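# Structural overview
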Amino acid sequence: MMPNDIEITPSVMPEDGPGWIIDAERPVTVRAQRWRAGEVGRAAHAHPRGQLVWAEEGILRVHSCGAHWLAPTSHAVWIPGEVVHAVVMETDVSTCFIYIDPSVTDLRGRHCEVLYMTPLMRQLLLRFRALGLSGNRDRLSRLSGVIIDELAVLPTAPLSLPAGSDPRLVRVTNRLLEQPDDRAKLEELARFAGSGARTLERLFKRETGLSFSEWRNRLRLMEAVNHLSHGKSSVEIASLLGYRSASAFVAAFRRNFGVPPQSYLKAGSADGD
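Each value, and the rule that gives it
- Residues numbered from 1 in each chain as written.
- Predicted model: local features only at pLDDT ≥ 70, side-chain atom pairs only at ≥ 80, totals over all residues.
- Heavy atoms only, no water.
- Phe/Tyr/Trp six-rings, centres within 6.5 Å; stacked < 30°, edge-to-face > 60°.
- Lys NZ or Arg CZ within 6 Å of the ring centre and 35° of its normal.
- Helix = DSSP H or I, 4+ residues; strand = E, 2+ residues; numbered from the N terminus.
- Buried < 20%, exposed > 50% of the residue type's maximum accessible area, 1.4 Å probe, protein only.
- Axes fitted to C-alpha atoms, helices over the stretch in contact; angles between N-to-C directions.
- Parallel < 35°, antiparallel > 145°, perpendicular 65-115°, else oblique.
- Contact = heavy atoms within 4.5 Å.
- Nonpolar A, V, L, I, M, F, W, Y, C, P; charged D, E, K, R; others polar.
- Pairing = 2+ DSSP bridges.
- Salt bridge = Lys/Arg side-chain N within 4 Å of Asp/Glu carboxyl O.
- Polar contact = N/O pair within 3.5 Å; in protein donor to acceptor, adjacent residues only side chain to side chain.

## Points about the packing of aromatic side chains
- Considering all chains together, one arrives at five aromatic pairs under this definition.
- Three or more aromatic residues joined by ring pairs make a cluster, and in this case those are Tyr243, Phe249, Phe253 and Phe257.
- The cationic tip of Arg175 hangs over the ring face of Phe192; the distance from NZ or CZ to the ring centre is 4.8 Å.
- One cation-aromatic arrangement involves Arg220 over Tyr243; the distance from NZ or CZ to the ring centre is 5.6 Å.

Shown next, in the form of structure tokens:
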């Protein structure tokens with residue numbers, strides 16, 4: 001079962017772990033771990049290092065900065081140092097959390113952000129995690145600089161996926177996260193959740209600020225970005241995510257991102273250069 005909503009207030013926590021390491025000669029540290037669905041990474045806390053919260057596999061729920069986000073593998077959440085936060089595992093998750101020393105200043109500002117994980121950044125983090133097991137400090141130091149450079153220019157996600165805590169809502173959002181191509185209508189999903197359709201719609205509005213259709217559309221578009229990064233065409237993505245046609249998908253994508261699908265990643269790369 002999913003835990004109820006977490007009260008985001010600072011708690012007394014032991015100052016241990018990679019988030020509390022102050023060492024300019026080790027500007028990047030990593031914590032990799034597997035978690036079971038429903039587990040909490042750590043109770044609400046803050047630490048000196050900034051943190052990039054990313055799941056290599058599975059889906060995370062991040063509570064911070066007065067907001068709740070769901071982060072599929074295509075996206076990550078940047079949390080500046082000393083910002084109170086908590087992370088809950090929506091599904092079984094393989095995490096790769098990156099921590100940035102306070103000596104690295106002006107990296108991304110002082111606000112939490114949902115970021116798109118470029119294929120390059122994913123591979124950098126996985127390589128850093130693998131090298132960490134060998135303890136080769138020289139190679140880790142060189143790779144740290146590349147990670148910091150790439151983190152500074154990761155595109156901010158134009159769309160974020162707000163989370164809720166009501167068990168009925170969580171059942172529906174988890175189902176859709178696991179099956180983004182699910183074409184079930186609101187009434188069917190309400191029966192699945194054990195509620196009425198009107199109640200479920202109210203839950204979406206109250207807890208996420210979005211209607212059901214708006215929330216599902218955001219999820220599909222975030223998944224579309226992930227598919228684009230793996231070279232899939234608009235026709236393939238439309239079929240995978242349950243759009244009526246490729247043209248319907250392209251129109252929805254352009255409406256939300258301002259560019260057609262095949263131009264999105266190129267535009268983000270150009271902005272970062």
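## A look at the environment of Asp106
- Topologically, Asp106 is positioned in the loop between β8 (93-100) and β9 (113-116).
- Look at Asp106 and you get exposed, because its relative accessible area is 74%.
- Along the backbone, Asp106 and Ala152 are 46 residues apart, and their C-alpha atoms lie at a distance of 8.9 Å.

## Some words on the packing of helix α3 (residues 167-178) against helix α5 (residues 197-208)
- Between α3 and α5, whose axes approach to 10 Å, the crossing angle comes to 90°. The orientation of α3 with respect to α5, classified from their angle, is roughly perpendicular. In this structure, α3 uses Arg168, Leu169, Val172 and Thr173 to contact α5, whose residues at the interface are Thr199, Leu200, Leu203, Phe204, Glu207 and Thr208.
- A breakdown of the residues in the contact of α3 with α5 according to their chemical character gives five nonpolar, three polar and two charged.

## A few points about the pairing of strand β2 (residues 50-53)
- Of the two faces of β2, the one lined by Gly50 and Leu52 and the one lined by Gln51 and Val53 are each fully buried.
- In terms of strand pairing, β2 meets strand β6 (residues 75-79) through three bridges, oriented antiparallel. Residue pairing across strands places Leu52 opposite Trp78, the latter belonging to β6.

## Quick look at the pattern of salt bridges
- Taken as a whole, this structure holds nine salt bridges when the rule is applied.
- Of the charged contacts, one joins Asp92 and Arg36 as a salt bridge, the two residues approaching to 3.7 Å between their closest N and O atoms. A residue pair is termed long-range when its members are at least 10 positions apart, and Asp92 in the loop between β7 (85-89) and β8 and Arg36 in the loop between β1 (28-35) and β2 qualify at 56 residues.
- A salt bridge links Arg175 to Glu188, with the nearest nitrogen and oxygen atoms 3.4 Å apart. Of this pair, Arg175 sits in helix α3 while Glu188 sits in helix α4 (residues 186-193), placing them 13 residues apart in sequence.
- For Glu188, a relative accessible area of 36% puts it in the partly exposed group.
- A single network of salt bridges, built from pairs that share partners, joins Arg175, Asp182 and Glu188.

## Concerning the sheet that holds strand β5 (residues 67-71)
- The strand order β7-β4-β5-β10 describes an open sheet built from four strands, whose pairing is antiparallel. In this open sheet, the two strands that pair with only one neighbour each are β7 and β10 (161-162).
- In the sheet, strand β4 (residues 60-64) pairs with β7 via five bridges, with the strands oriented antiparallel. Following the sheet pairing, Arg61 is matched in β7 by Val88.

## A closer look at the side chain of His63
- Tracing the backbone through its elements, the reader meets His63 in strand β4.
- A relative accessible area of 0% places His63 in the buried class.
- Side-chain polar atoms of His63 contact the side chain of Arg61, separated by 3.2 Å.

## Here we look at unusual backbone geometry
- Positive phi is not limited to glycine here, since Glu82 has a value of about 70°.
- Turning to its location among the elements, Glu82 is positioned in the loop between β6 and β7.
- For Glu82, a relative accessible area of 53% corresponds to the exposed category.

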